[in-house]
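Architecture and fold: a report
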Amino acid sequence: MAEERINAEQVAHVASLAKLEFTPDQLGTFTGQLEKIIGMFEELSTVDTDGVPVTSRVTDRHNALREDVAVKSDERAALLANAPETANGLIKVPAIIDESGDGE
Amino acid sequence: MDFFNQDLTSLHADLVNKKLSAEELTKATFENLKQTDAKIDSFLNLNEDAALATAKALDAKGINADNVLAGIPVGVKDNIVTKDLTTTAASKMLENFVPVYNATVVDKMTQNDMIIVGKTNMDEFAMGGSTENSAFKVTKNPWDVSRVPGGSSGGSAAAVAAGIVPVAYGSDTGGSIRQPSSFNGIVGMKPTYGRVSRWGLIAFGSSLDQIGPMTRTVKDNAAALNLIAGNDVHDGTSSEREVPDFTAGLDGDIKGMKIALPKEYMDEGIDPKVREVIKAAVKQFEALGATVEEVSLPHSRYGVSAYYIIASSEASSNLQRFDGIRYGFRAQDVKNLEDVYVRSRSEGFGDEVKRRIMLGTFSLSAGYYDAYFHKAGQVRTLIINDFNKVFEDYDLIIGPTAPTPAFKIGDEISDPITMYMNDVLTIPVNLAGLPGMSIPAGFADGMPVGLQLIGKSFDESTLYKAGYAFEQATDFHQATPDLGGQH
């Protein structure tokens, strides 16, 4: 692994992947903290894992199958009540492409 | 009314014999809650009107004499969704979120006539070990209000320890039931992965999360696990195994039980005063006729690193759903859709949640996946193998729950790695999916110290049996903080 584990530029890139943004101050703090935590992670490189399989789940089940039964749900109003903005029984969002000037 | 002198069995007898009505019990619970919680801030939202109505209806219907939980007030951690009752996960992101359905465990509570008192405080999205990461309030430890209650289920633990409720439910991804139970001198069980449905638990690390009960006694805890255990069609990882009666076999007889004590759980990283408590517990188990022998879990020391890669990776994926569109916080004055995502998440999540999302996104990203996420999954296998080896020869494992007693509010919150190391003794259990329980085992400088019992997969019964024998031979569970109840 590289000597410099992670720099501000990489942290900004990871933030963009995670749909987060940081002020320059926050970016500095997060870079320092992530550098330390990832440094701790590097102890794993000392563990011999040649041929060791990955564990990604610890459930005792493989496939969980059930009958495909349609269930009627009547929750539209309650669901929409949690939406930040609605119009005509639909969830309202801003334009995908920035429409400069006229707001919506 | 507090719950210091009564357990579920005696409360149930009073309810069945009509010495006490469910309505009286509920009213008294809220009266005590309002006094006591002013000092410890364990609840985020109360369910008072609905709780009183439910209790009244239950009195009219009659208490089922076969159901020890009927009419019993319960606290529910705020990452477990409750229909029509605001559920925030202690995040600004969900400040106004009102679920349209109940978690399966909540359905079981209401179907079995439990009285939901309210939602308990926690670290935001269950990420933290002190409840200081709540977006709304900092819960105090009832034994010393200058100290943290632990976390992330700190509100549930403090509420039980202070005598506000006899039972609360929490969730445990890396120690979030057991560590606060240790810090508050109560009993907390993290069941085997798959024992309890996760349907309606706001997802953090989906291969690690489990819901479990927090109570003042082992027997109460076993009854509270009976209620929520079992297969659920809504959770494909919930086991189809038969669920035993966890209150059976609590007879105090553990003669011949073979107990393992990992040397890594008693090394110099553990507070000497905590080690003293555990050594005394070992003697107690031996006096009860069990044998205790030293073993090794050589890979447990890598658990923290493996866990923070795996849990953060799963969290970064799970928390993608919070995008400001369908529910939850949406930032104001946004220019376009991308802006909604980025600004809503940046303003809605707290720092620890962002740290975990960043760690997870990094660990999963191109160029780092093999060195971090893949490697952590392999180390997880080695940790599981260590446990399997010990369980070839032993019935259960004991050790401390946490390296220290409760620390001071503000002491560790600015140093993520120090905070993460609190989980060093609990994390391996989640990585392996095993059951783990913390029970009161003594005190260090006036603060409770928990003993952790770790069992074979789906063998919660042995933990309850051993824990009950220890509890009956000691009086630590009878100690109560001066602050609580009618003191």
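Nothing here was measured: the structure is a model prediction, and the numbers come from that model.

On to the overall build of chain B. When helices and strands are tallied, chain B shows 15 helices and 11 strands. A globule of 487 residues ought to have a C-alpha radius of gyration of about 23 Å, and chain B, at 21 Å, matches this closely. Taken along its principal axes, the extent of the C-alpha atoms in chain B is 65 × 55 × 45 Å. Looking at chain B as a whole, 62% of its 487 residues are labelled buried. Of the contacts made within chain B by residues no fewer than 6 positions apart, 77% connect residues no fewer than 24 positions apart.

The subject of this paragraph is the overall build of chain A. Of regular secondary structure, chain A possesses three helices and two strands. Going residue by residue from the N terminus, the α and β elements of chain A occur as α-α-α-β-β. Since a compact globule built from 104 residues should have a radius of gyration of about 13 Å, the 23 Å found for chain A marks it as more spread out than a globular shape. Within chain A, the fraction of its 104 residues that count as buried is 13%.

For the rest of this paragraph, the subject is the UniProt feature "active site" (unreviewed entry) in chain B. Residues and elements named next belong to chain B. Taken from the UniProt record, the annotation "active site" (unreviewed entry) applies to Lys77, Ser152 and Ser176. The greatest C-alpha distance among the annotated residues, which extend across 100 residues, is 11.0 Å, indicating that they converge on a single site. Relative to the helices and strands, Lys77 is located in strand β2 (residues 73-77). Counting through the fold element by element, Ser152 comes out in the loop between β3 (115-120) and α5 (154-161).

Attention now goes to the interface of chain A and chain B. Tallying the contact residues gives 46 residues for chain A and 54 residues for chain B. Counting residues per element, the ones that place at least two in the side of chain A that touches chain B are α1 (8-17), α2 (24-41) and α3 (76-81) of chain A. The element best represented in the side of chain A that touches chain B is α2(A), accounting for seven residues. In terms of residue class, the side of chain A that touches chain B is made up of 29 nonpolar, six polar and 11 charged.

Let's shift gears to helix α15 (residues 460-473) of chain B. Residue and element names in this part refer to chain B. Its 14 residues give α15 an end-to-end C-alpha distance of 20 Å, which sits within 8% of 20 Å, the value for a rise of 1.5 Å per residue. Along α15, the positions that sit buried rather than exposed are Glu460, Leu463, Tyr464, Lys465, Ala466, Gly467, Tyr468, Ala469, Phe470 and Glu471. The secondary structure elements touched by the buried residues of α15 are β5 (187-190), α7 (218-228), α8 (272-287), β9 (396-400), β10 (436-444) and β11 (447-455).

Once that is clear, we can look at the packing of α7(B) against α15(B). Residues and elements named next belong to chain B. Between α7 and α15, the shortest axis-to-axis distance is 9 Å and the interhelical angle comes to 160 degrees. In terms of their interaxial angle, α7 and α15 are classed as roughly antiparallel. Contacts between α7 and α15 involve Val218, Lys219, Ala222 and Leu225 from the first element and Glu460, Tyr464, Gly467, Tyr468 and Glu471 from the second. The class makeup of the residues in the contact of α7 with α15 is five nonpolar, one polar and three charged.

This next bit is on the UniProt feature "domain: Amidase" (unreviewed entry) in chain B. Summarizing the sequence annotation, UniProt attributes the feature "domain: Amidase" (unreviewed entry) to residues 24-463 of chain B in the numbering used throughout. The span residues 24-463 of chain B is 37% helix and 15% strand, and its two end C-alpha atoms sit 35 Å from each other.

This part takes up the environment of B:Val233. As for its position among the elements, B:Val233 is in the loop between α7 and β7 (258-262). For the pair formed by B:Val233 and B:Leu44, sequence separation is 189 residues and the distance between their alpha carbons is 30 Å.

On to the confidence of the model for chain B. With 100% of its residues at a pLDDT of at least 70, chain B reaches an overall mean of 97. Here the complex is predicted with pTM 0.97, and the ipTM for its interfaces comes to 0.92.

The subject of this paragraph is the environment of B:Ala331. Residue position: B:Ala331 is located in the loop between α9 (303-318) and α10 (337-348). When near neighbours in sequence (up to four residues on either side) are disregarded, B:Ala331 contacts B:Gly324, B:Val340, B:Arg343, B:Ser344 and B:Glu347.

Residue and element names in this part refer to chain B. Ordered by their spatial adjacency, 11 strands build an open sheet running β1-β3-β2-β4-β6-β5-β10-β11-β9-β7-β8, and the pairing between neighbours is mixed. With partners counted over all chains shown, the strands left at the sheet margins are β1 (43-46) and β8 (291-295), one partner each. Across the sheet, the axes of successive neighbouring strands diverge by a mean angle of 30 degrees, strand direction being ignored. As paired elements, β1 and β3 share three bridges and run antiparallel to each other. Across the sheet, residue Leu46 finds its bridge partner in β3, namely Gly118. Helix-sheet contacts for α5 involve β1, β2, β3, β4 (167-172), β5 and β6 (210-215), and the interaxial angle to β4 is about 155 degrees.

Bringing the pairing of β5(B) into the picture now. Taken residue by residue, a regular strand's side chains alternate between the two faces of the sheet. Residues and elements named next belong to chain B. A two-sided burial pattern is seen for β5, the buried positions comprising Val187 and Met189 on one face and Gly188 and Lys190 on the other. When β5 meets β10, the two strands line up antiparallel, connected through three bridges. Paired with Lys190 across the two strands is Gly436, which belongs to β10.

Trans is the prevailing form of peptide bonds, just as negative phi is the prevailing case for residues other than glycine. Going from B:Gly151 to B:Ser152, the amide bond is cis rather than trans, its omega being 10 degrees. One non-glycine residue, A:Lys19, lies in positive phi territory at about 55 degrees. For A:Lys19, the position within the fold is in the loop between α1 and α2. On the basis of neighbour count, A:Lys19 is assigned to the buried category, with 20 C-beta atoms found within 10 Å. The residue B:Phe458 is not glycine, and still its phi comes out positive at about 65 degrees. Relative to the helices and strands, B:Phe458 is located in the loop between β11 and α15.

For the rest of this paragraph, the subject is helix α11 (residues 351-364) of chain B. Residue and element names in this part refer to chain B. Here α11 contains 14 residues, and its C-alpha end-to-end distance of 20 Å stays within 8% of the 20 Å for a straight helix at 1.5 Å per residue. Counting buried residues along α11, 12 of its 14 residues qualify, which places the element largely inside the surrounding structure. Buried within α11 we find Val353, Lys354, Arg355, Arg356, Ile357, Met358, Leu359, Gly360, Thr361, Phe362, Ser363 and Leu364.

On to the packing of α1(A) against α2(A). All names here are of chain A. Contact geometry for α1 and α2: axes closest at 9 Å, N-to-C directions at 100 degrees. Between α1 and α2, the angle falls in the class roughly perpendicular. Across the interface between the two elements, Ala8, Val11 and Ala12 of α1 pack against Leu27, Gly28, Phe30, Thr31 and Leu34 of α2.

Residues and elements named next belong to chain B. As for its placement among the helices and strands, Asp482 is situated in the segment after α15. Owing to 9 C-beta atoms within 10 Å, Asp482 belongs among the exposed residues under this scheme. Along the chain, Asp482 and Trp143 lie 339 residues apart, while their C-alpha atoms are 7.1 Å from each other.

Parameters at a glance
For every chain, the first residue of its written sequence is number 1, and the numbers climb from 1 along that sequence. As they are written, the chains are lettered A onward and the ligands numbered 1 onward, keeping that order. Reporting of local features is limited, given that this is a predicted model, to residues whose pLDDT is at least 70; pairs of side-chain atoms are given and counted only at 80 or more, and all residues count toward the totals for whole chains, interfaces and linings. Here a helix means four or more residues in a row that DSSP labels H or I, a strand means two or more in a row labelled E, and each is numbered from the N terminus. Within these notes, the globule rule equals 2.2 Å times the number of residues to the 0.38 power, and the radius of gyration is based on C-alpha atoms. Neighbour density around each residue's C-beta defines its exposure: 20 or more other C-beta atoms within 10 Å make it buried, 12 or fewer make it exposed, and counts between make it partly exposed, where C-beta atoms are placed from the backbone. Two residues form a contact once the distance between their C-beta atoms, set from the backbone, is within 7 Å. UniProt positions are given in the numbering used here, feature names are shortened, and annotations may be inferred rather than shown by experiment. When residue character is reported, Ala, Val, Leu, Ile, Met, Phe, Trp, Tyr, Cys and Pro are called nonpolar, Asp, Glu, Lys and Arg charged, and the others, Gly included, polar. To estimate how far a helix should reach, multiply one less than its number of residues by 1.5 Å. A fitted line through C-alpha atoms serves as each axis, taken over the contacting stretch for helices, and the angle formed by two N-to-C directions is quoted from 0 to 180°. Relative orientations are named as follows: roughly parallel for angles under 35 degrees, roughly antiparallel for angles over 145 degrees, roughly perpendicular for angles from 65 to 115 degrees, and oblique for any other angle. The predictor attaches a confidence to each residue, called pLDDT, with possible values from 0 through 100. In short, DSSP must find at least two bridges between two strands for them to pair.

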